[in-house]
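Structure at a glance
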Amino acid sequence: MPNTIEFLAENLMQNTAEYYCAYCGEPNLTFIDLSAGGQQSYVEDCQVCCNPNILYVRVDEDTLDIEIDTESES
């Protein structure tokens, strides 16, 4: 059985979510840092068209369900 730190590290690294680019509409995969809280926002470039998206991330602390809204940076 892994120790607590190894278990947390493995589970944190596996938290990904999909969002749709505000520019081209293509799906993108992003990693979510659950230790950053239930509401987060940051800028991430689209993996397809390279335009910057503002991601608004909400994490349900009970179920760990993740919702992401996007908008263009400009």
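Preceding this paragraph is the structure being described.
First, a word on what this report is: a plain description of the structure on this page. Here the structure is a predicted model, which is why all the values come from computation and not from measurement.

In this section: the sheet that holds strand 5 (residues 66-72). One open sheet accounts for three strands, arranged 3-4-5; its pairing is antiparallel. Single-partner strands in this sheet number two, and they are strand 3 (39-45) and strand 5. Strand-to-strand, the axes of this sheet are offset by a mean angle of 25°, without reference to chain direction. One ladder, built from seven bridges, connects strand 4 (residues 52-59) with strand 5; its direction is antiparallel. Across the sheet, the residue bridging to Leu 55 is Thr 70, located in strand 5.

Time to look at the side chain of Asn 15. Following the sequence through the fold, Asn 15 ends up in the loop between helix 1 (4-13) and strand 1 (16-20). Note on Asn 15: relative accessible area 17%, which makes it buried.

Calculation notes
Residues numbered from 1 in each chain as written. Predicted model: local features only at pLDDT ≥ 70, side-chain atom pairs only at ≥ 80, totals over all residues. Heavy atoms only, no water. Pairing = 2+ DSSP bridges. Helix = DSSP H or I, 4+ residues; strand = E, 2+ residues; numbered from the N terminus. Axes fitted to C-alpha atoms, helices over the stretch in contact; angles between N-to-C directions. Buried < 20%, exposed > 50% of the residue type's maximum accessible area, 1.4 Å probe, protein only.

Geometric values such as these leave the question of function open.
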